[in-house]
Structure formats: C-alpha cells, structure tokens
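# Commentary on secondary and tertiary structure
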Amino acid sequence: MDGGSVNKIKIGVVGTGFIATGIAEMIIASEDFVLSWMFTRRAIDSLNKSNLPGHHWTNSLNQFIDDSDIVVECSGDALHAAEVLFEVAKTGKKIVTVNSEFHVTAGSYFAKRGVYLTEADGDQPGCLARLDQEIRGMGFEPLAYVNLKGFLNPDPTLEEMTYWSERQKLALSQVVSFTDGTKLQIEQTFVANGLGATIAQEGMIGARIEKLEDLDYLVDAARAKQKPISEYLICPGSPPGVLIVADNKIADRCPGYLPFSRLRTTEDKAYILLRPYHLVHLEVLNTLRRVVRDESILLNNTAAPTFSVAAVAKKPLAPGDEIAHGAGGFDVRGLAIEISNHKNAVPICLLHNTPVIRNVDQGQIISFDDVDLPQTRALECYLDGL
C-alpha cells in the first residue's frame, strides 16, 4: 500500500466481470477507499489488466479476506458467492453485494445469523429500496415496486444472444438472463422478500403499456392483495430505471397543486415516483460510505423469505440431458413463485451443469426429483434459510 492509502478503508471485490471491474475503478479513483484485492478463480495471467494494475488480483481467499475491511461481492454467481461469503461471514466483516441471484438463493441463511449483508445501490433492487426509504420519509405508502423494461424475449436464440453479448461486452449468460426475463424475476422476487411485498400472481403480471401513467391496474392489484406488490412492466421507450406507485393522504388534500398532480396515474388512483436511471457500479460507493457510517442495511432477503424463483423448462428435457445454466441458459427460465405453493421447486440459480434424471415437459417447473443436484454450500444455505 502506498503512503496515501494508510487511512483509507480497504475494500476487497469478488469478481472479474464488468461490474466488478467498474467498482474497482471507482474505488481506485476515490479519496476514502483503497482497493485491497479482487478475488478470482481464474488464472491471474489470463486476466485482461488493461484497466487495473495486475497486483490487485489474487486467487487466495485467505489473503483476500485478511487484507479487506469490507467485502463487495458482485460475481453474479450464486454458488460461488455462497462459498466465498460463508468464509467472510466467519470474520464478522461487513458485506456489500450486487448479486440478486445470491440473495434469493442463499441470502436468508446469512440474514438469520445476523450477518451484516446488504445489497448495494445501483441495480434495480437496491434502487427500489433506496427510493422506498426516500418516499416513506415524505408520507407515501407504497402500493407497487416496479422494474422498468423496454422489451423481453422469453426464447432468444443462441445466435441473437451471441451477437448482443459481443456488442455489449457482457457474458453470454448475463445477456440471456436479461432478455428472457429471468433476471427481473430474480430481482423482483428479492424486492418482494426484502421490502415485505407480495406478487400478484406467479411470474408477476408483466403488462405491456404505452405510457407510464397507465398504472391503475397495479393499484387495483395491490388493493386486492391488501399489500404492496412487486412487479415489472414493459414500456417501449421508458427510461432504464425503477418506479414506485404509492398513496399519500396528505398530498391528496392538494388536488390542484401541480407538483403533486403531475405524478398521478391515468385514473387518478395513486402517485408515481420515478427514478429514471440505475447506474450499477457507479452507485456502489454510496452504499459503502453508508456502511462505514454504521447505517442499517439497505436490502437483504430477510430471515424468512416468502418467495423464490423456480426454473421452468423452455423445452422438453429427458434423462441424460444436462442443464448447463439455470439463470442465463437455453434450457430453463426463471419464474417468481410462493415457496409454500412449490416446496419441491428447485431455485433456478442452483442449476449449473446439472444432470436431468426424469422427463420434464416444456413449461414444467423443475423439481428436486427431476435433477441430480450436487451438494453445494448454496443448496445448504437455501434449505436452512426456509
């Protein structure tokens, strides 16, 4: 460490991808943090060091943990994250994540044990949690937590996804998960658990609308459930952000006041609070600073989750087939479900190079009886977290 970093908080980052590299660059450029190590399973010599000094990479988990004050996990891999964070948690060090996949699979295990584990600002769940805090402070009562999407394709082809993977410089599995809806099912399941919401139906409503004011159907769905709902919508041309539909009895007393009236839904049933962006790794340091100030966590999966994300077969599967990837693959896609209704459903992020041992029809939810699921730390954590 150089002399200028003596009083800085040492941040260790788990991951080597787009988000991990972006967070590392933000840390290096900051005045209050220093990058200790980036933990990777890959061979150090194989990594592209064009953006980061080579000495930041390590394959030693012990070295990584020992030299970090706070750990940021952003590998996007629930299985890997569970293994790493299980060891980090033993030390009592605080953990910040950008990994909804990990939370809905294994995160409740850590929440039950009081581990300081929080999702960060930046991705949609963290942004919704931050917006929730802000609007509640203004007297709003949330009715719907909404993830905005421009389009979805539940069955993208390998050729299409390879093209977009190369163009966007993202892993193929990430692009598939974004496109077929698995990522948003994971994110909004996480939001439902973490913010005490529910879902209107399995897989959520996922309506396509023409303008963002057309959200009265969400108000009706939330009032029918007598609880806020976690949802997504498809609105071509919408900003890449999040919004919350909410009530506010005090604002209702000023129906002609423009700052309030401009936020109303089409049928005037509620207010729309829009955050028209999420900037992923650019926002993570804001969360780290809150952690340093000993603020409470922003979002976790809670110690007693109600919802999970099942794997639904995109095509018929037979004994001898192998599910290469759960989230981000071409065999299954994610579906938000209530755990009590599907106790035998395999969480999608547990599936990785998993042999199929029974016939599975297209559209069927994969059960623990359908696959030969290996024993992993993430599986242990999921079962313990129920």
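A quick note: this is a predicted structure, and the numbers were derived from the prediction, not measured.

Let's shift gears to the overall build of the chain. From N to C terminus, the chain includes 12 helices and 14 strands. Relative to the compact-globule value of 21 Å for 386 residues, the chain shows a C-alpha radius of gyration of 21 Å, a close match. Oriented by its inertia axes, the alpha-carbon framework of the chain measures out at about 60 × 55 × 40 Å. Within the chain, the fraction of its 386 residues that count as buried is 54%. At a minimum sequence separation of 6, the contacts of the chain that also span at least 24 residues come to 72%. Put simply, the chain shows about 16700 Å² of open surface, and 50% of that area lies on carbon and sulfur atoms.

Of the two faces of strand β4 (residues 70-73), the one holding I70 and V72 and the one holding V71 and E73 are both buried throughout. Strand direction decides the pairing type here: strand β1 (residues 9-14) and β4, joined by four bridges, are parallel. Bridge pairing links G12 to V71 in β4. Pairing of β4 with strand β5 (residues 94-97), which is carried by four bridges, proceeds in the parallel orientation. The residue bridging V72 from the neighbouring strand is V96, located in β5. Of the crossover connections in this fold, the one passing from β4 over helix α3 (residues 78-90) to the parallel β5 is right-handed.

Here the focus is the side chain of D132. Along the chain, D132 turns up in helix α5 (residues 124-136). In this structure the side chain of D132 is engaged in a polar contact, spanning 2.9 Å, whose partner is the side chain of Y145. The residues contacting D132, other than those within four sequence positions of it, are P142, Y145, L195 and I244.

Spatially, six strands are ordered β3-β2-β1-β4-β5-β6 in an open sheet, and the strand pairing comes out parallel. At either end of the open sheet lies a strand with only one pairing partner, and these are β3 (57-58) and β6 (117-119). Here β5 pairs with β6 via three bridges, running parallel. Within β6, the residue paired with T97 across the bridge is E119. The sheet contacts of helix α1 (residues 18-29) involve β1, β2 (33-39) and β4, and relative to β2 the element is tilted by about 150°.

Further remarks concern unusual backbone geometry. For M204, which is not glycine, the phi dihedral falls at a positive 70°. Residue position: M204 is located in the loop between α8 (182-194) and α9 (216-225). You can call M204 buried: its relative accessible area is 4%. One non-glycine residue, D294, lies in positive phi territory at about 60°. Structurally, D294 is set in the loop between α11 (284-292) and β11 (307-313). D294 sits in the exposed class, given a relative accessible area of 58%.

What follows deals with the sheet that holds strand β8 (residues 229-234). Two modes of strand pairing occur in sheets, parallel and antiparallel, and in both the strands are linked by backbone hydrogen bonds. If you walk across this open sheet you meet the four strands as β8-β7-β9-β10, and the pairing is mixed. Edge positions in the sheet fall to β8 and β10 (271-275), since each of these pairs with one other strand and no more. On average, adjacent strands in this sheet sit at an angle of 25° to one another, irrespective of strand direction. Where strand β7 (residues 141-149) lies against strand β9 (residues 242-247), six bridges are found, and the strand directions are antiparallel. Within β9, the position partnered with N147 by the bridge is V242. Across the face of the sheet, α5 comes into contact with β7, β9 and β10 while running at roughly 30° to β9. Here α8 sits on the sheet and contacts β7 and β8; the angle it forms with β7, its principal contact strand, is near 165°.

Cut-offs and rules
- Residues numbered from 1 in each chain as written.
- Predicted model: local features only at pLDDT ≥ 70, side-chain atom pairs only at ≥ 80, totals over all residues.
- Heavy atoms only, no water.
- Helix = DSSP H or I, 4+ residues; strand = E, 2+ residues; numbered from the N terminus.
- Rg over C-alpha atoms; globule rule 2.2 N^0.38 Å.
- Buried < 20%, exposed > 50% of the residue type's maximum accessible area, 1.4 Å probe, protein only.
- Contact = heavy atoms within 4.5 Å.
- Areas by Shrake-Rupley, 256 points an atom, 1.4 Å probe, with all protein chains shown as cover.
- Pairing = 2+ DSSP bridges.
- Right-handed = clockwise from strand over helix to strand, strands pointing away.
- Polar contact = N/O pair within 3.5 Å; in protein donor to acceptor, adjacent residues only side chain to side chain.
- Axes fitted to C-alpha atoms, helices over the stretch in contact; angles between N-to-C directions.

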